[in-house]
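The lines below spell out each chain.
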Amino acid sequence: MSEYYTRLQKLQKDFKEIKIKKANKWEFKPHQQAMYDFVMQSRRNTTFTINEYTITINIGNENFGFMHIILRHFCDGCDGEITAKDILNIGYVIKNNITVPSKKKGRVNFIQTKENGEKYTVVLTKQNPNDLIFTFFSSK
């Protein structure tokens with residue numbers, strides 16, 4: 001559990017740097033602000049809306065949710081490595097509304113492939129038709 005808190009502190013530091021760099025150049029979108037507040041205030045969960053979906057992110061554990069993202073993918077050289085900026089911009093993967101079939105029933109997979117070939121995947125579990133619980137995020 002201490003590894004999670006160590007990485008969370010690094011993420012908080014990275015988020016502070018992002019906010020300082022952005023200064024008055026641009027404002028956070030609502031989904032970015034939700035993620036920023038979730039991380040910086042160490043909340044247990046947060047909710048934001050993208051397209052017609054209500055997305056909820058919970059702390060979770062080592063196998064799913066935010067803790068899984070931090071422990072498995074937020075580190076140098078990790079499998080499916082992601083950065084603080086990627087975490088802040090999770091909502092854009094969903095906003096593009098490109099879904100791919102899921103191998104598991106009750107899940108929705110969103111995918112975004114950037115011009116440089118980076119591919120991001122967000123997996124959400126359906127709570128209700130338009131209420132989705134965050135399960136997984138990776139750059140693979």
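Read on for an overview of the structure. (Residues numbered from 1 in each chain as written. Predicted model: local features only at pLDDT ≥ 70, side-chain atom pairs only at ≥ 80, totals over all residues. Heavy atoms only, no water.)

## So, the packing of helix α1 (residues 2-22) against helix α2 (residues 30-40)
Helix-helix packing is described using two parameters, namely the angle between the two axes and the distance between the axes. Two numbers describe how α1 lies on α2: the axes approach to 9 Å, and their chain directions differ by 135 degrees. With respect to α2, the element α1 is oriented oblique. With respect to the hand of their crossing, α1 and α2 are arranged in left-handed fashion. Contact residues: Leu8, Leu11, Gln12, Phe15, Lys16 and Lys19 in α1; Met35, Tyr36, Val39 and Met40 in α2. Residues belonging to the contact of α1 with α2 are distributed by class as follows: 7 nonpolar, 1 polar and 2 charged. (Axes fitted to C-alpha atoms, helices over the stretch in contact; angles between N-to-C directions. Helix = DSSP H or I, 4+ residues; strand = E, 2+ residues; numbered from the N terminus. Parallel < 35°, antiparallel > 145°, perpendicular 65-115°, else oblique. Left-handed = near helix turned anticlockwise from the far one by under 90°. Contact = heavy atoms within 4.5 Å. Nonpolar A, V, L, I, M, F, W, Y, C, P; charged D, E, K, R; others polar.)

## Here we look at the sheet that holds strand β6 (residues 131-138)
Read across the open sheet, the 6 strands follow the order β1-β2-β6-β5-β4-β3; overall the sheet is mixed. Two strands lie at the open edges of the sheet, namely β1 (45-50) and β3 (99-100), each paired on one side alone. Relative to β6, strand β5 (residues 119-128) is paired through 7 bridges, and the arrangement is antiparallel. What sits directly across from leucine 124, in β6, is phenylalanine 134. Where α2 meets the sheet, its contacts fall on β1 and β2 (53-58), and the angle it forms with β1 comes to roughly 175 degrees. Together, β2 and β6 form the strand contacts of helix α3 (residues 65-73), whose direction differs from that of β6 by roughly 5 degrees. (Pairing = 2+ DSSP bridges.)

Read these as layout, nothing more, since geometry by itself doesn't imply function.
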